[in-house]
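So you can see what is in the structure, the chains are spelled out below.
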Amino acid sequence: MTEGLPRLARPESVEELSELVTRAHRDFRTVAVYGGGTALDDHPPGRTPGLLIDMGGLGQVIEHSPGDLILVAGAGATISELNRVAETGDQELLPDFPADRTDSGSTLGGAIATRAVGPRRIGRLPVREVVLGVTVVLADGTIAKAGGKVVKNVAGYDLAKLMTGSWGTLGIIASAAVRLYPQSQAQGFVEIPGADSALGVLGSQVAPAAVEIDRSPGGQASTVVMVEGLPESVESRTRTIVDTFPGARHSVRPSWWSRRAQAPVTIRASVSPALVPKLVAEIARLEDTIGYPIQLRGSAMGVFDLGVGGLDTDPTIATRVVLEHLRTWGQKQLSATVLCAPASVWGDVDAWGEIPGFGIMRTIKDQFDPDGLLSPGRGIGGL
């Protein structure tokens, strides 16, 4: 390439991606990447990049090894396409990804960079534990591979784990190898009123694949349990849940399953599983007190997305009030951060609160991207 660096590019190879980033680094231009666009509204919007890279040109399946339960693909490959490939061997991707993002074209690189997770997080390893290797283009254009080529400023780091949840601020994922999982032959669902039984289900011998809690504004919470496996095992375990927990009944997959609550602002709240019933009750009381609708949806493992406010609600005020109230619990009991909000909200509220280990995150950012050119402002804490 001898012409000027474009504002938008769609590389077709790792080498082309490397050359683009090298030139952007030389010209001191910021760089952002675009996969399926399903997480563009999450985290702060960041500054307008000098170079926006569409990763769709790196969407090929590189290797599928059914016997080894491994799939290697370019970062621009969609999760839905990778699952279709895995299905040819009666397998699926080991980590569970959100259905709303997968249906909208979420890509492998984007899912890793944003550490996406779906309901089946109980019996499945998280993304950072199932990414076996990555090829990454660093801020200066260097191509680095986990377990392969290691350059000076990468030595001592596990690249695959480091890139997981980095939001494109440490390097650009070009390809990745991920573990596969045998496809379940059957799934079953049970609905239980309220949230008080959630911890009991988690600790039971029915081995649930997911235990999700949903509460609409002004409504009552319900717990939905998913089990999967052989048909006779699913039937036996769902029957055990119905017989064990008061009010439990056989159900079907809810329409909201694996989909985020829709609201002007999404706040992510995390507590220990033992505190889940308290959090659900507290959200109901808070909604009554402040008059803003709050939708709660998430895992009994203790990670919830709170959809805050309505169309006629000032999103900044609603966000600030809910965050301040939740943080009165204290950092050790509950963490609350803004996940998705209008651009105007991010600068007017304490969106992150106290971030454990933030100093280390900043040090790593400075080592990998000393000039701050990769997706500035998009990372945790606005890195």
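Right, let's walk through the structure included here. (Residues numbered from 1 in each chain as written. Predicted model: local features only at pLDDT ≥ 70, side-chain atom pairs only at ≥ 80, totals over all residues. Heavy atoms only, no water.)

Side note on the sheet that holds strand β3 (residues 51-54)
To keep things clear, this is the line we draw: Pairing between two strands requires that DSSP report at least two bridges joining them. Numbering of helices and strands starts at the N terminus; helices are DSSP runs of H or I of at least 4 residues and strands are runs of E of at least 2.
A sheet is described by the order of its strands in space; here three strands give the open sequence β1-β3-β2, paired in parallel fashion. The sheet terminates laterally at β1 (8-9) and β2 (31-34), the two strands that pair on one side only. With four bridges connecting them, β2 and β3 associate as parallel partners. Among the inter-strand pairings, Tyr34 is bridged to a residue of β3, identified as Asp54.

Comments concerning the sheet that holds strand β16 (residues 303-308)
As a reminder, the rule being used: Orientation is described by lines fitted to C-alpha atoms, with helices fitted over the stretch in contact, and by angles between N-to-C directions that extend from 0 to 180 degrees. Whether two residues are in contact is decided by their heavy atoms, any of which lying within 4.5 Å being enough.
If you trace the eight strands from one edge of the open sheet to the other, you get β13-β10-β12-β11-β15-β16-β14-β17, paired in antiparallel fashion. Every other strand in the sheet has two partners, leaving β13 (249-251) and β17 (334-340) as the edge strands with one partner each. Along the sheet, successive strands turn relative to each other by an average axial angle of 25 degrees, direction set aside. The pairing of strand β14 (residues 265-271) with β17 spans six bridges and is classified as antiparallel. Bridged to Thr266 within β17 is Cys340. Lying on the sheet, helix α9 (residues 276-290) is in contact with β11 (210-215), β14, β15 (294-299), β16 and β17; it crosses β15 at an angle near 170 degrees.

Side note on the packing of aromatic side chains
The criterion, for reference: By convention, a stacked pair of Phe, Tyr or Trp rings (six-membered ring in the case of Trp) has centres within 6.5 Å and planes under 30 degrees apart, an edge-to-face pair has planes over 60 apart, and any other such pair is tilted. Each residue is assigned to one of three classes by its accessible area relative to the maximum for its type, calculated with a 1.4 Å probe on protein chains only: buried under 20%, partly exposed between the two thresholds, exposed over 50%.
Scanning all chains against the criterion turns up three aromatic pairs. Seen from their ring centres, Phe189 and Trp257 are 5.3 Å apart, and the 85 degrees between their planes marks the pair as edge-to-face. Note that Phe189 is positioned in strand β10 (residues 186-193) and Trp257 in the loop between β13 and β14, a separation of 68 residues in sequence. On the accessibility criterion, Phe189 (7% relative accessible area) is buried. The class for Trp257 is buried, based on a relative accessible area of 4%. For the pair Trp346 and Trp352, a centre-to-centre distance of 6.0 Å together with 35 degrees between the ring planes defines the contact as tilted. The buried category is assigned to Trp352, whose relative accessible area is 14%. Taken together, the ring pairs in this structure connect Phe189, Trp256 and Trp257 into an aromatic cluster.

Some details on unusual backbone geometry
At Asp90, a position not held by glycine, the phi torsion is positive, near 55 degrees. Within the secondary structure layout, Asp90 lies in the loop between α2 (79-87) and β6 (91-93). We note that Ala207 has phi near 50 degrees; this positive angle belongs to a residue other than glycine. Mapped onto the fold, Ala207 is located in the loop between α7 (198-202) and β11.

Some details on the pattern of salt bridges
Stated precisely, the cut-off is as follows: Here a salt bridge means any side-chain nitrogen of Lys or Arg lying within 4 Å of a carboxyl oxygen belonging to Asp or Glu.
For the structure shown, the criterion picks out 23 salt bridges. Among the salt bridges present, the one from Lys365 reaches Asp369, with a minimum N-O distance of 2.7 Å. Owing to a relative accessible area of 2%, Asp369 belongs among the buried residues under this scheme.

Brief notes about the pairing of β16
For β16, the tally of buried residues reaches five of six residues, placing the bulk of the element in the interior. Pairing geometry for β14 and β16, over six bridges, is antiparallel. The residue of β16 that forms the bridge with Ala269 is Phe304. Of the strand pairs in this sheet, β15 and β16 are connected by six bridges, and their pairing is antiparallel. Residue pairing across strands places Ser299 opposite Val303, the latter belonging to β16. Linking β15 to β16, which pair antiparallel, is a turn of three residues; within it Gly302 sits at a positive phi near 115 degrees.

Focus: the packing of α9 against helix α10 (residues 315-326)
Quick note on the threshold: Roughly parallel refers to an angle under 35 degrees, roughly antiparallel to one over 145, roughly perpendicular to one between 65 and 115, and oblique to any angle outside these ranges. Helix crossings get a hand from a simple test, with the near helix turned counterclockwise from the far one by less than a right angle marking a left-handed crossing and a clockwise turn marking a right-handed one. Charged means Asp, Glu, Lys or Arg here, nonpolar means Ala, Val, Leu, Ile, Met, Phe, Trp, Tyr, Cys or Pro, and polar covers whatever is left, Gly included.
Closest axis-to-axis distance for the α9/α10 pair is 11 Å, and the angle between their directions is 140 degrees. In this view, α9 runs oblique relative to α10, as classed from their interaxial angle. α10 is crossed by α9, and the crossing has right-handed handedness. Where α9 abuts α10, its residues Leu279, Glu282, Ile283, Leu286 and Ile290 lie against Val321, Val322, His325 and Leu326. Of the residues contributing to the contact of α9 with α10, the split by class is seven nonpolar, one polar and one charged.

So far we have only geometry, and geometry alone does not tell us how the molecule works.
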